[in-house]
Amino acid sequence: MKRVHVAAAVIRGVDGRVLIAKRPDEKHQGGLWEFPGGKVEEGEAVQVALARELKEELGICVTAARPLIRVHHDYPDKQVLLDVWEVSDFTGDPHGAEGQPLAWVSARQLGDYEFPAANRPILAAARLPERYLITPDDLEPQALLSGLKTALASGIRLVQLRAPRMFDAQYRDLAVDVQGLCAGRAQLMLKGPLEWLGDFPAAGWHLTAEQLHKYSPNGRPFPSERWLAASCHSAEELQLAAAMGVDFVTLSPLQATHTHPEAEPLGWQAATELLRSFNQPAFLLGGVGPQDLERAWLAGAQGVAGIRAFWPENR
């Protein structure tokens, strides 16, 4: 089977919108939208190929880019490796130098366009931020809400409400308030029984590893319009998450933590190896913070997740 290595770019404008292009009808997957890029020639560095393709296709010169996600996908007629980078700065005015239609769209609007099947994880990565805040579980509700307000004001856009010590009724009441705070500002991920899904239509769900093992044989438990994540700690759990069709995962513990001192850390090398064959966005969790973002990207991660690292009192 033919193998193709492609360098592609999620290009962001100053307003945060993303540039997409429409494939010519006569090409493979013709008529669908895509993230600009092209084939990596044999022996060519990915960054070199990306710069060349974007210059040829769009007439721009890349000045700032970093790894976003690598996706392996098998079509009936070919195997594709998509090496995707996020381009945050460039010179020149993007235009369809090869006659292809272009569109600048918000992250939310990406789902309104039809992309090749291989692009599904890229769409998730393009919509997700680089930081995932997990709330502390040792705060009174008012202190948690106050801290969350500060975190949201600082730019946090993805929040998991973690409160394992609360009774179900307390957690549900708090989730209502947190959902209100996050509305229009951040994506809220809740934890708990899937029977609660209907009560929180705006929230995504973050499955525990136990839930992942329980529900994975039945596939994705709810429609793709809602965010689904899972906690993973091993290659087996990453495989279960991929088979279920989750949108992203946390991979932990990367390093020793105060919250789980008994857990054996994965370490950077093992985490990098695990992510090499994983196609969905992943946040590294456990003993990491904003200072580790660049290393996390190079390891193949979407970014980093944390409790203390992103909670306002410790900034």
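Thresholds, definitions, all that
Residues numbered from 1 in each chain as written. Predicted model: local features only at pLDDT ≥ 70, side-chain atom pairs only at ≥ 80, totals over all residues. Heavy atoms only, no water. Salt bridge = Lys/Arg side-chain N within 4 Å of Asp/Glu carboxyl O. Helix = DSSP H or I, 4+ residues; strand = E, 2+ residues; numbered from the N terminus. Buried < 20%, exposed > 50% of the residue type's maximum accessible area, 1.4 Å probe, protein only. Pairing = 2+ DSSP bridges. Axes fitted to C-alpha atoms, helices over the stretch in contact; angles between N-to-C directions. Contact = heavy atoms within 4.5 Å. Parallel < 35°, antiparallel > 145°, perpendicular 65-115°, else oblique. Left-handed = near helix turned anticlockwise from the far one by under 90°. Phe/Tyr/Trp six-rings, centres within 6.5 Å; stacked < 30°, edge-to-face > 60°. Lys NZ or Arg CZ within 6 Å of the ring centre and 35° of its normal.

**Notes on the pattern of salt bridges**
Once the charged atoms of two side chains with opposite charge are near each other, the side chains can pair.
Alright, step 1. Counted according to the given criterion, the structure contains 13 salt bridges.
Alright, step 2. Glutamate 86 serves as the salt-bridge partner of arginine 12, at 3.2 Å between the closest nitrogen and oxygen. With arginine 12 in strand β1 (residues 2-12) and glutamate 86 in strand β6 (residues 78-91), this pair connects stretches of sequence that are 74 residues apart. Across the pair, glutamate 86 and arginine 12 agree in class, each one buried.
Alright, step 3. A salt bridge links arginine 23 to glutamate 34, with the shortest nitrogen-to-oxygen separation between them at 2.7 Å. Taken together, the residues arginine 23 in the loop between β2 (18-22) and β3 (33-34) and glutamate 34 in strand β3 connect sequence positions 11 residues apart. With respect to class, arginine 23 is no different from glutamate 34; both count as buried.
Alright, step 4. Here the salt bridges share partners, and the residues they tie into one network are Arg12, Arg66 and Glu86.

**Section: the sheet that holds strand β10 (residues 187-190)**
Alright, step 1. Reading around the circumference, β8-β9-β10-β11-β12-β13-β14-β15 is the order of the eight strands in this closed barrel, with parallel pairing throughout. Put simply, the sheet's adjacent strands are angled 25° from each other on average, direction ignored.
Alright, step 2. Examined bridge by bridge, strand β14 (residues 282-285) and strand β15 (residues 303-306) share three bridges and lie parallel to one another. Within β15, the residue paired with phenylalanine 283 across the bridge is glycine 303.
Alright, step 3. This element, helix α6 (residues 235-244), spans β11 (204-207), β12 (228-232) and β13 (248-251) of the sheet and lies at about 170° to β12.

**Here's the deal with the packing of helix α3 (residues 141-153) against helix α4 (residues 168-182)**
Each packed pair of helices is defined by two parameters, the angle between the axes and the distance between the axes.
Alright, step 1. Packing of α3 against α4 brings their axes to within 11 Å, and their N-to-C directions diverge by 20°. By the angle between their directions, the pair α3 and α4 is classed as roughly parallel. Between α3 and α4 lies a crossing whose hand is right-handed. Contacts between α3 and α4 involve Pro141, Leu144, Leu145, Leu148, Lys149 and Leu152 from the first element and Leu174, Asp177, Val178, Leu181 and Cys182 from the second.

**Things to note about the packing of aromatic side chains**
Alright, step 1. What the rule picks out here adds up to seven aromatic pairs.
Alright, step 2. Geometrically, the ring pair formed by tyrosine 132 and phenylalanine 283 is tilted, given 5.4 Å between the ring centres and 55° between the ring planes. With tyrosine 132 in strand β8 (residues 131-134) and phenylalanine 283 in strand β14, the pair connects residues that are 151 residues apart, well separated along the chain. Across the pair, phenylalanine 283 and tyrosine 132 agree in class, each one buried.
Alright, step 3. For the pair tryptophan 227 and phenylalanine 248, a centre-to-centre distance of 6.1 Å together with 65° between the ring planes defines the contact as edge-to-face. Pair noted here: tryptophan 227 is in the loop between α5 (209-215) and β12 and phenylalanine 248 is in strand β13, with a separation of 21 residues, a long-range link.
Alright, step 4. Judged by relative accessible area, which is 0%, phenylalanine 248 ranks as buried.
Alright, step 5. Linked through ring pairs, Tyr132, Trp227, Phe248 and Phe283 together constitute an aromatic cluster.
Alright, step 6. It is arginine 220 that lies over the ring of phenylalanine 222; its NZ or CZ is 5.6 Å from the centre.
Alright, step 7. The ring of phenylalanine 222 has arginine 226 sitting right over it, with the charged end atom 5.6 Å from the ring centre.

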